[in-house]
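Observations on the three-dimensional arrangement
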Amino acid sequence: MMTKQKLLTRTQRQMHHFRLMGLVALALLLTACATSPLGRKQLILLPDSQMDQLGRASYVDLKKKQPVERDPHENRYVQCVVDALTRELAGPWRKVQWEVTVFKDDSANAFALPGGKIGVHTGLFKAAKNQHQLAAVLGHEIGHVIARHGNERVSTNLATQTGLQLAAVLAGGSPQKKQQLMSLLGVGAQVGVLLPFSRRHESEADLIGLDLMARAGFDPRQSIALWQNMQKLGGSKPPEFLSTHPANERRIFDLNRAMEGALAKYGRALAAGKHPRCH
Ligand SMILES: [Zn+2]
């Protein structure tokens, strides 16, 4: 009797296993081919709706765990920059209800999650010293979201040995596994091990952010100053943001190379009367 029950359970487990594998294979067939806003081919396995759901759930979690800064001045300031940037987004991204929360956290960090959820640490103001520099950070973070880097990162994991584990998480796994998945979204250190964004994702987010800030009427040259501030702030130990967003001279080099085009867009934005006053 016992043996039969065990066997049944095992068979059920196997069935579950096969269903998950089927799910992964189906996802591969249906949605594997995608292109980033800058024309790069991407592996995208999950429906955006699922990523949005994960992002929103993770955000709710963070707001429960992390003290939130209620100061109306700081909140209005950050919201003003986010509004100016997201107004420049195209298509479906413009319709997203972008929400921003200021967290009381001394590390110079910020993040944006799928589903349009943005977090700014109070410590970020040590590096982002004016609205243009704040727009550079937030444009970069929004860039990660609209280029679906979180989805790509989870998808790459799905396609490797942890694939089935992650599929199990998506089917409703343990809180521990869920945390692992959240860390793939690039959420703050609070939720576990962080994977730094890849050089390729960083570069893409930089260029998208530069374009957004310029079109919104923020001075794109301030993006260089921002990264220099970040670097100075860290001294020998890099600030939080740099440990999850690896920086190097290459970043500044690439931004400078794209500056001429960005300045042209900035000029057109100013001529069109876009003068954000978010202070
Ligand atoms: Zn980044």
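One structure accompanies this document, and this report is about it. The structure displayed is predicted, hence computed values, not measured ones.

**Let's talk about the overall build of the protein chain**
For the protein chain, the count of helices and strands is 13 helices and 5 strands. Considering only residue pairs separated by 6 or more positions, the protein chain has 72% of its internal contacts joining residues 24 or more positions apart. On the protein chain, roughly 14,200 Å² of surface is accessible, and the fraction owed to carbon and sulfur atoms is 56%.

**As for the packing of aromatic side chains**
Considering all chains together, one arrives at 2 aromatic pairs under this definition. Judged by centre distance (6.0 Å) and plane angle (35 degrees), the rings of Tyr77 and Phe125 are tilted. With Tyr77 in helix 3 (residues 72-86) and Phe125 in the loop between strand 5 (117-121) and helix 5 (131-146), this pair connects stretches of sequence that are 48 residues apart. Phe125 carries the same exposure label as Tyr77, and that label is buried. Taken together, a centroid distance of 6.0 Å and an interplanar angle of 25 degrees make the contact between Phe103 and Phe111 stacked. Per residue, the accessibility class of Phe103 equals that of Phe111, and both read buried. Seen from the ring of Trp227, Arg251 lies directly overhead, with NZ or CZ sitting 3.7 Å from the centre.

**Some words on the nonpolar core**
Membership of the largest hydrophobic core comes to 44 residues, with the highest contact counts inside it found for Val78, Val81, Leu85, Ile118, Leu134, Leu138 and Phe218. Here this core gets 8 residues from one element, more than from any other, and that element is helix 5. Contacts of Leu138, omitting those with residues within four sequence positions, involve Val78, Val81, Val82, Leu85, Ala110, Ile118 and Val120. Counting 6 residues, the second-largest nonpolar core is a separate cluster that includes Tyr59, Leu62, Phe103 and Leu113.

**Some points on helix 9 (residues 199-215)**
With 17 residues, helix 9 extends 24 Å from end C-alpha to end C-alpha; this agrees with the ideal 24 Å at 1.5 Å per step. With respect to burial, helix 9 is a largely interior element, 12 of its 17 residues being buried. Every buried residue of helix 9 is listed here: His201, Glu202, Glu204, Ala205, Asp206, Ile208, Gly209, Leu210, Asp211, Leu212, Met213 and Ala214. Immediately beyond the C-terminal end of helix 9, within one or two residues, lies Gly217, with a positive phi of roughly 95 degrees.

**Topic: the state of the cysteines**
One pass over the full model with this rule turns up 1 disulfide. Here Cys80 connects covalently by a disulfide to Cys278, the sulfurs 2.1 Å from one another. Disulfide Cys80-Cys278: the torsion about the S-S bond is -70 degrees, which places it as left-handed. Here the residue Cys80 occupies a position in helix 3, and Cys278 occupies one in the segment after helix 13 (259-271), the gap between them amounting to 198 residues. Residue Cys278 is classed as buried on the basis of its relative accessible area of 3%.

**Section: empty space enclosed by the protein**
A full pass over the atoms with the stated rule returns 2 cavities of 30 Å³ or more. Estimates place the volume of the largest cavity at around 60 Å³. The wall of the largest cavity is formed by Ala136, His140, Ala205, Asp206, Gly209, Leu210, Met213, Ser223, Trp227 and Leu255. Mapped by element, the contributors of at least two residues to the lining of the largest cavity are helix 5, helix 9 and helix 10 (222-234). Sorting elements by how many residues they give to the lining of the largest cavity places helix 9 first, with 5 residues. Class assignment of the residues belonging to the lining of the largest cavity gives a composition of 6 nonpolar, 3 polar and 1 charged.

**Here we look at the pattern of salt bridges**
Summed over the entire model, instances satisfying the criterion amount to 16 salt bridges. Ionic pairing is found between Arg251 and Glu202, a salt bridge with its closest N-O pair at 2.9 Å. You can see Arg251 sitting in helix 12 (residues 249-257) and its partner Glu202 sitting in helix 9, a full 49 residues away along the chain. The exposure class assigned to Arg251 is buried, which follows from its relative accessible area of 1%. Overall, Glu202 belongs to the buried group, its relative accessible area being 0%. When salt bridges with common partners are traced through the structure, they connect Glu88, Asp211, Arg215, Lys265 and Lys274 into a single cluster.

Reading the values: the criteria
Counting restarts for each chain: residues are numbered from 1 in the order of the written sequence. Where totals are concerned, whole chains, interfaces and linings use all residues; where local detail is concerned, this predicted model gives features only for residues with pLDDT of at least 70, and gives and counts side-chain atom pairs only at 80 or more. Calculated side-chain values reflect all of the structure's heavy atoms, with hydrogen atoms and water omitted. The helix and strand labels rest on DSSP assignments: H or I over at least four residues marks a helix, E over at least two residues marks a strand, and numbering proceeds from the N terminus. Contact definition: two residues touch when any of their heavy atoms are within 4.5 Å. In this description, accessible areas are obtained by the Shrake-Rupley approach with a 1.4 Å probe, and a residue is regarded as covered only by the protein chains that are shown. For Phe, Tyr and Trp, rings pair up if their centres lie within 6.5 Å, where Trp contributes its six-membered ring, and each pair is then called stacked (planes under 30 degrees apart), edge-to-face (over 60) or tilted (otherwise). Between buried and exposed lies partly exposed: a residue is buried under 20% and exposed over 50% of the maximum accessible area for its type, with that area taken using a 1.4 Å probe on protein chains only. Two conditions define a charge sitting above a ring: the NZ of Lys or the CZ of Arg must be within 6 Å of the ring centre, and it must be within 35 degrees of the ring normal. By nonpolar core is meant a set of buried Ala, Val, Leu, Ile, Met, Phe, Trp, Tyr and Cys residues that side-chain atoms within 4.5 Å join together. To estimate how far a helix should extend, the number of its residues minus one is multiplied by 1.5 Å. What counts as a disulfide here is a pair of cysteine sulfur atoms lying within 2.5 Å. Here the term cavity refers to a set of points on a 1 Å grid, laid over the protein atoms alone, in which a 1.4 Å probe fits but cannot get out; the term pocket refers to an open set having protein on both sides within 12 Å along at least five of seven lines, with lining residues being those that place an atom within 4 Å of a point. Grid points are joined across faces, edges and corners, and a volume is the space filled by probe spheres set on the points. Amino acids outside the nonpolar list (Ala, Val, Leu, Ile, Met, Phe, Trp, Tyr, Cys, Pro) and the charged list (Asp, Glu, Lys, Arg) are all regarded as polar, and Gly is one of them. Here, a salt bridge means any side-chain nitrogen of Lys or Arg that lies within 4 Å of a carboxyl oxygen of Asp or Glu.

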